[in-house]
Amino acid sequence: MEDKQKQASQAFLQNYHFVEKMAFRFAPSQQLQDDIVQDAFVDFVQKAEQWDLTQPIQPLLKRIVQISADRYWRSHMRNKPENLRKIAELLQSESCCDDSSVTTQEQLDALDTCLKKLAEKARILFEQHYFEEIPWKEIAQATGQSVESVYMAGSRIRAVLRECIDHVTGWEMKRGD
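If you're wondering where the values come from, they're calculated on a predicted model, not measured in any experiment.

**Q** What am I meant to see in the overall build of the chain here?
**A** When helices and strands are counted, the chain shows 10 helices and zero strands. When the elements of the chain are put in sequence order from the N terminus, they spell out α-α-α-α-α-α-α-α-α-α. Looking at the 177 residues of the chain, the share that counts as buried comes to 40%. Sequence-distant contacts in the chain: of pairs separated by 6 or more residues, those separated by 24 or more amount to 69%.

The following block contains the structure:
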């Protein structure tokens, strides 16, 4: 192993707990955390010549872990229906806090549970827009409502789903609410 790669390996090991914590934060599932840490190690050491190891490396390691987790996210979600991926990404992007320790699989399971708890009218509206990809305007025309009221109903349904998912996953307790 070259000298620069040895230094990179040592620097990585000195920050191993930080990397592990970041992998836990960004992993799409808990089973993939070790794989993400290993990927981050390999990426970091292979590109050792590019890094200035005299500077703090935690921001760099965080980004490497994020990239690795994103690769696993895409791989993990590849077999999921397109509409389910869109909903999961929408709810995740609208989340109040991106420091979730809840895994993607837990969120998807919670989403399924919460969809079943919705009132029939709300569930139908949500499924029409997100599963059947019917635009708000067409739903409004079909129901005789204004586009604004249908859109607002959709926003309220998303808020209810976010709250329900937080409750089902116990995330509000993890945030300290």
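After that view, the rundown keeps rolling.
**Q** Where do I start with the pattern of salt bridges in this structure?
**A** It is possible for side chains of opposite charge to pair when their charged atoms get near one another. Evaluation of the coordinates by the stated rule reveals three salt bridges. With its nearest N and O atoms 3.4 Å apart, the salt bridge here joins D112 to K116. Pair noted here: D112 and K116 are both in helix α6 (residues 104-117), with a separation of four residues, about one helical turn. By relative accessible area, D112 is classed as partly exposed at 40%. Under the relative-accessibility criterion, K116 is labelled exposed at 59%. If you follow the salt bridges from partner to partner, you end up with D39, D43 and R71 in one network.

**Q** Can you help me understand the packing of helix α2 (residues 16-26) against helix α3 (residues 33-46) in this one?
**A** The description of two packed helices rests on the angle between their axes and on the distance between the axes. Relative to each other, α2 and α3 sit at 130°, their axes nearing to 9 Å. Taken together, the axes of α2 and α3 are oblique relative to one another. As for how α2 packs across α3, the hand of that crossing is right-handed. Along its contact with α2, which presents Y16, V19, E20, A23 and F24, the element α3 presents Q33, I36, V37 and A40.

How each quantity is defined
- Residues numbered from 1 in each chain as written.
- Predicted model: local features only at pLDDT ≥ 70, side-chain atom pairs only at ≥ 80, totals over all residues.
- Heavy atoms only, no water.
- Helix = DSSP H or I, 4+ residues; strand = E, 2+ residues; numbered from the N terminus.
- Buried < 20%, exposed > 50% of the residue type's maximum accessible area, 1.4 Å probe, protein only.
- Contact = heavy atoms within 4.5 Å.
- Salt bridge = Lys/Arg side-chain N within 4 Å of Asp/Glu carboxyl O.
- Axes fitted to C-alpha atoms, helices over the stretch in contact; angles between N-to-C directions.
- Parallel < 35°, antiparallel > 145°, perpendicular 65-115°, else oblique.
- Left-handed = near helix turned anticlockwise from the far one by under 90°.

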